[in-house]
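Secondary and tertiary structure notes
Each chain, letter by letter, is given below.
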Amino acid sequence: MSQIGKSGSSGKSFDIPKMLIWEAYQKVKANRGAAGVDGQSLADFARDEKKNLYRIWNRMSAGSYFPPPVKAVEIPKAGGNGVRTLGVPTVADRIAQTAVAMMLEPVVEKVFHPDSYGYRPGRSALDAVETCRKRCWGQSWVIDLDIQEFFDTVPHQPILDAVGKHTDLPWVLLYVRRWLIAPVQQPDGTLVARDRGTPQGSAISPLLTNLFMHYAFDAWLATVQPMVRFERYCDDAIVHCVSEKQALYIRRSIKERLARFGLVLHPEKTKIVFCAQDGRTRPEGCGVEFTFLGYTFRPRYARTRDGRWKSGFLPAVSKAAKKRMAAEIRGWRLGRRTTLSFKEVAAVVNRIVAGWINYYGRFYKAELISFLAQRLNPHLVKWACRKFKHLHRAPAKARRRIAQIASTYPGMFIHWRHGALPSGSTVGAV
């Protein structure tokens, strides 16, 4: 692929390096993604990439770049409770947004709070879960915060004020303003104007969200309550408290703080939870469970190093995450893919399940392994029943055959390697 050049602009309203657009394009290609309202895919864009990249640079440098509408795509919410709307920009717009994000990120990263984890270099959701786990051991109460319809209601002016605080490049502020008010194209083709909110799914939205939440929440809480610890991933946050009284006070303070920006804590999903475990007396009537980043924290038994069993407040894969995984497993329709060999079935399964194990197997892995054994192995049995004529009406025989294969080749499926063996398997048996 040809680069569009390394020199900056000349005779333009804004001095935007051409190399910045090229590097942004490389990031967009690596992240892949669907086509926007213009229907242009990354493959379509690449067919004339030099011309397309020049057009983006030329318009941005001239100040004449206006983002097209964002394509609204509905996806099911976790747990199957309704849908969440993602905003999908066009390929060209993702490149432009990424270029601006690349200019802002190195500057704002220096001021972001260490307990902000979402969409930041060198930080992950699992880091946030690990920190939360440790702090639940140290403090008995948490506030599980849920901001109602955050991405639809976050105000624009505080975002622009925050951006202006960290850049003296007028074109950065100009395009952030235009992206914030770009209309959303609904599935039926109608355009919806926006005076609040920032669509999930855009390249610039995570950075703008973090900037807003840094000043509206992180820095504010660190100033007014410097001893209170929290973990925040985008708009999801857990706040740790030493007592129920403190938790009630902090929740009220946060509610009043967010109300200044027109934001509302969800009255049902925002809750105060007691981190029940051995050595702590549970107050009557309090909740002892919350879910954060796909992990449900609650009292669980775990074996200590000296072999004793002890109740601790621990995270494990959530019911909502298991429900999503079960739906995806059903969607593979393994029972009908009889043209595949056993190794080819393993390749299909392992590609996805490896990611599940890497994420949901980090903490209290036994919960995930039990789920995979119960939900995934029966689909392999169903595949065998339909694949081999002598097993068509013999599911019990098919189960024994799958168990035998697992005993002989325990590394064939990645969930088998981690202990999710079919019933009747004995590793090492032939």
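Our structure is the block above this text.
What you are looking at is a predicted structure, and each value in this text was computed from that prediction instead of being measured.

Calculation notes
- Residues numbered from 1 in each chain as written.
- Predicted model: local features only at pLDDT ≥ 70, side-chain atom pairs only at ≥ 80, totals over all residues.
- Heavy atoms only, no water.
- Helix = DSSP H or I, 4+ residues; strand = E, 2+ residues; numbered from the N terminus.
- Buried < 20%, exposed > 50% of the residue type's maximum accessible area, 1.4 Å probe, protein only.
- Phe/Tyr/Trp six-rings, centres within 6.5 Å; stacked < 30°, edge-to-face > 60°.
- Pairing = 2+ DSSP bridges.
- Salt bridge = Lys/Arg side-chain N within 4 Å of Asp/Glu carboxyl O.
- Axes fitted to C-alpha atoms, helices over the stretch in contact; angles between N-to-C directions.
- Contact = heavy atoms within 4.5 Å.
- Patch = residues over 30% accessible without salt bridge, like charges linked within 9 Å, V, L, I, M, F, W, Y side chains within 5 Å.
- Areas by Shrake-Rupley, 256 points an atom, 1.4 Å probe, with all protein chains shown as cover.
- Lys, Arg positive; Asp, Glu negative; His and termini not counted.
- Charge placed at Lys NZ, Arg CZ, Asp CG, Glu CD.
- Expected span 1.5 Å × (residues − 1).
- Polar contact = N/O pair within 3.5 Å; in protein donor to acceptor, adjacent residues only side chain to side chain.
- Arc of directions from axis to C-beta.

Here we look at the environment of T281
Structurally, T281 can be placed in the loop between β8 (271–274) and β9 (290–292). With a relative accessible area of 71%, T281 lands in the exposed category. With 27 residues separating them along the chain, T281 and R308 place their C-alpha atoms 20 Å apart.

Regarding the packing of aromatic side chains
Here the structure, examined in full by the defined rule, presents 24 aromatic pairs. A centroid spacing of 5.2 Å and a plane angle of 20° characterise the contact between F342 and W383, whose relative ring orientation is stacked. Taken together, the positions of F342 in helix α12 (residues 342–360) and W383 in helix α14 (residues 377–387) put the pair 41 residues apart, joining distant regions of the chain. The exposure class of F342 is buried, given its relative accessible area of 13%.

What about the sheet that holds strand β4 (residues 184–185)?
If you trace the four strands from one edge of the open sheet to the other, you get β2-β1-β4-β5, paired in mixed fashion. Looking along the sheet, the strands with just one partner apiece sit at the ends: β2 (83–88) and β5 (191–192). Of the strand pairs in this sheet, β4 and β5 are connected by two bridges, and their pairing is antiparallel. Across the sheet, Q185 pairs through a bridge with L191, a residue of β5.

Here we look at the pattern of salt bridges
In the structure shown here, the tally under the stated rule is eight salt bridges. Where D44 meets R47, a salt bridge forms, and the shortest distance between an N and an O atom there is 2.3 Å. Relative accessible area serves as the criterion here: at 64%, R47 is assigned to the exposed category. One network of salt bridges, in which partners are shared, links D115, R135 and E231.

What to know about the pairing of strand β10 (residues 295–303)
Regular strands place side chains that alternate from one sheet face to the opposite one. The pairing of β9 with β10 spans three bridges and is classified as antiparallel. Bridge pairing in β10 links F292 to Y295. Taking the residues between adjacent antiparallel strands as the criterion, β9 and β10 are bridged by two residues, where L293 takes a positive phi near 55°. Summarising the sheet, β10 and strand β11 (residues 309–317) pair through nine bridges and their orientation is antiparallel. Each bridged residue has a counterpart across the sheet, and for R303 the counterpart in β11 is W309. Hairpin connection between β10 and β11: a loop of five residues separates the two successive antiparallel strands, and G307 in this loop has a positive phi of roughly 95°.

Section: the pairing of strand β7 (residues 236–241)
In terms of burial, β7 is largely enclosed, as five of its six residues are buried. Pairing between strand β3 (residues 141–146) and β7: six bridges, direction antiparallel. Among the inter-strand pairings, W141 is bridged to a residue of β7, identified as C241. Across four bridges, strand β6 (residues 230–233) lies against β7 in antiparallel orientation. Counted as the bridge partner of E231 is I238 from β7.

Some thoughts on the sheet that holds β11
One open sheet holds the three strands; their spatial order is β9-β10-β11, and the pairing between them is antiparallel. At either margin of the open sheet sits one strand with a lone partner, and together these are β9 and β11. Strand-to-strand twist across the sheet, computed as the mean angle between neighbouring axes with direction ignored, equals 55°. Where helix α5 (residues 125–138) meets the sheet, it contacts β9, β10 and β11, and its direction lies at approximately 60° from that of β10.

Comments concerning a positive patch on the surface
A surface patch of like charges, here positive, comprises R333, R336, K382 and R386. Tracing the backbone through its elements, the reader meets R336 in the loop between α11 (319–332) and α12. R336 gets classed as exposed once you look at its relative accessible area, which sits at 59%.

Looking at α5
Taking 1.5 Å of rise per residue, the 14 residues of α5 would be expected to cover 20 Å, and the 20 Å separating its terminal C-alpha atoms lies within 8% of that figure. Along α5, the residues classified as buried are A125, L126, A128, V129, E130, T131, C132, R133 and C136.

Some thoughts on the side chain of S205
Positionally, S205 belongs in helix α9 (residues 205–224). On the basis of relative accessibility, which here comes to 2%, the residue S205 falls in the buried class. Within the local environment of S205, its side chain forms a polar contact with the side chain of T198, the two groups lying 3.1 Å apart. Here P199 takes part through its backbone oxygen, which lies 3.2 Å from a polar atom of the side chain of S205. Once you skip the residues sitting within four places of it in the chain, S205 turns out to touch F151, T198 and P199.

A short note on helix α7 (residues 156–166)
Among the residues making up α7, those that are buried are H156, I159, L160, A162, V163 and H166. One side of α7 carries all its buried residues, which in axial view fall inside an arc of 160°. Close packing links the buried residues of α7 with α4 (91–108), α8 (170–181) and α9.

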